[in-house]
Amino acid sequence: MKRREFIASLAGAAAWPLAVRAQQPAMPVVAFINGGAADAADRTRAPFRKGLSEAGYAEGQNVSVEYHWLDGQYDRLPALIADLVGRRRSVRPGQSDGRP
């Protein structure tokens, strides 16, 4: 996926009405971070999704996945990790949500 298409899809997701988001139960979010380019995504995304499935998760149904591609720009990693860690979590350490 090209960078512009990726940014456009993020903008589309941000435009969803907040009321719709508030009505849905919180879904766990998994961040998938790859140092390469998004062009080679299928090589790594397919096995990752298979692993999720084997663990009882289905992307978009009971887990949300955020894909991040660094395009070899590893200097972006600390800011990305800080952003992900700083977000609110629906399940805190030591608390179970009842999923496998």
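Since the model is a prediction, treat every value here as computed from it, not as a measurement.

Rules of the game
Residues numbered from 1 in each chain as written. Predicted model: local features only at pLDDT ≥ 70, side-chain atom pairs only at ≥ 80, totals over all residues. Heavy atoms only, no water. pLDDT = per-residue confidence, 0-100. Helix = DSSP H or I, 4+ residues; strand = E, 2+ residues; numbered from the N terminus. Contact = heavy atoms within 4.5 Å. Pairing = 2+ DSSP bridges. Expected span 1.5 Å × (residues − 1).

Side note on the confidence of the model for the protein chain
Across the protein chain, the average pLDDT comes to 74, with 62% of residues at 70 or higher. For the protein chain, the element scoring lowest by mean pLDDT is helix H2 (residues 18-23), at 51; strand E2 (residues 64-69) scores highest, at 90. Between residues 91-100, whose pLDDT stays under 50, and residues either more than four places distant or in other chains, the model counts 10 contacts.

Quick notes on the pairing of strand E1 (residues 29-34)
In terms of strand pairing, E1 meets E2 through 6 bridges, oriented parallel. In the sheet register, Ile33 faces E2, and the bridge partner there is His68.

As for helix H3 (residues 41-54)
An α-helical turn contains 3.6 residues, so a residue and the one three or four places further along point in the same direction. The first and last C-alpha atoms of H3 sit 20 Å apart over 14 residues, in line with the 20 Å expected at 1.5 Å per residue. Positive phi shows up at Gly56, right after H3, with a value of about 95°.

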